[in-house]
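# What the coordinates show
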Amino acid sequence: MLNPLLLLPPETAHKIALFACKYGLIPHAKKPETLKKEVFGLQFSSPLGLSAGADKEAAALKGWGTIGFGFVEAGTVTVSPRNGNPQPRIWRQKKQKSVVNWMGLPGKGYHPFVNNLKRYRNNNQNSDLVIGVSIASPEGVLSDFEKLARECAPYTDYFTLNASCPNVADHKDALKNITDQIKATVKHANNKAVLLKLGPTEDKDALLQTLDQATKAGAAGFVFTNTVPPTAKNLLGNNNQNFQWPKHDGEDVGGYSGPQLLDITEFMVKTARKHLGDDVPLMGVGGIQSGADAQRIIDAGADLIQIYTGFIYKGPKLVKEINNALA
Ligand SMILES: Cc1cc2nc3c(=O)[nH]c(=O)nc-3n(C[C@H](O)[C@H](O)[C@H](O)COP(=O)(O)O)c2cc1C
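Below is a short write-up of the structure. (Residues numbered from 1 in each chain as written. Predicted model: local features only at pLDDT ≥ 70, side-chain atom pairs only at ≥ 80, totals over all residues. Heavy atoms only, no water.)

## Some details on the environment of Leu142
Relative to the helices and strands, Leu142 resides in helix 4 (residues 142-152). As a C-alpha pair, Leu142 and Asn177 span 35 residues in sequence and 8.9 Å in three-dimensional space. Dropping the residues within four chain positions of it, Leu142 is found in contact with Asp180, Gln181 and Ala184. (Helix = DSSP H or I, 4+ residues; strand = E, 2+ residues; numbered from the N terminus. Contact = heavy atoms within 4.5 Å.)

Here it is in structure tokens:
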């Protein structure tokens, strides 16, 4: 049976899910002891995390741990408040269990976000939930990265730099900009690990070049992958023939997430693991919707995995399924 929230429009369903999570109206799941692992000096109670974009304001942190996640990547947060793109901006493709989102990084800015983090830390000192903060500056302003790193560092366990959001028109993702952004973040992150989240690619040489440059700039690890933009729709393969991209002003918009990302995630994790050796932390995200999918990405070399779209369709029972499969 599918998640009953799927009967509601996507953003309404999301708000209700966050409310339920924030106020504990959710199933409590015990995480099997054997899931515990240490990665980049942090103790994870499960290698399964909630990926960025689901709790943009860090508003429901406690609930994610209760459901069974070992970590959550809160955000993506920006310095200033943003409206994001006009609605509608999330489209479900129920048959494929996929989503196209064109959110455009909406949010209230860093101030309420940091207050939420602070409150969570003060009230949950014995929590075993690892918290990452996903940061971005849609205009690529280096001082934004410095500010976000400085403000969030006291309350986060690690940072992820979202250099791959396909939904921000003026986003410059040239390698030089990314390496400068990593350096700016690392400088103010108070020794918290800074990971880089990349967009999907099957271009091995370009991927290796990015990994090398980002590592040199101070990235401690990597997260693969963000959603597939319409410009890269060929990555989704032949199964994509009946797929309708949403349009705005006649243009295809948004980023695809869902099962057809799994092969790309596996490719990127495998390629990175082979190139970087065993010690660099890698997180796999994209297309994981079952215990078997999760195992596949771990087998490809990921230390940790994240989900979002699968959670939209299956809810907390997917968390349980993956934890049990990995235990
Ligand atoms: C509605 C929606 C909003 C998202 N927002 C963000 C975001 O703010 N920052 C980010 O790094 N990724 C964001 N993502 C991408 C996810 O974190 C993830 O990388 C992607 O959806 C692939 O994983 P999945 O197939 O499990 O969903 C978003 C995805 C969705 C569906």
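## As for the site of the ligand
Lining the immediate environment of the ligand, one finds 23 residues, of which Ser51, Ala52, Thr76, Gly287 and Thr309 sit closest. A distance of 2.8 Å is found between an oxygen atom of the ligand and a side-chain nitrogen or oxygen belonging to Ser51. Between the ligand and the protein, one listed contact pairs an oxygen atom with a side-chain N or O atom of Thr309 at 2.5 Å. Its free accessible area being 610 Å², the ligand has 98% of it covered by the protein chains. Considered class by class, the residues forming the shell around the ligand number 8 nonpolar, 13 polar and 2 charged. (Near = heavy atom within 4 Å. Polar contact = N/O pair within 3.5 Å; in protein donor to acceptor, adjacent residues only side chain to side chain. Areas by Shrake-Rupley, 256 points an atom, 1.4 Å probe, with all protein chains shown as cover. Nonpolar A, V, L, I, M, F, W, Y, C, P; charged D, E, K, R; others polar.)

## Some thoughts on the sheet that holds strand 4 (residues 71-77)
Reading around the barrel, the 8 strands line up as 3-4-7-8-9-10-14-15 and close back on themselves, with parallel pairing between neighbours. Between one strand and the next, the sheet's axes are offset by a mean angle of 25 degrees, whatever the strand orientation. Direction of pairing for strand 7 (residues 130-135) relative to strand 8 (residues 158-162): parallel, over a ladder of 4 bridges. Across the sheet, residue Gly132 finds its bridge partner in strand 8, namely Tyr158. This element, helix 3 (residues 110-123), spans strand 4 and strand 7 of the sheet and lies at about 175 degrees to strand 7. (Pairing = 2+ DSSP bridges. Axes fitted to C-alpha atoms, helices over the stretch in contact; angles between N-to-C directions.)

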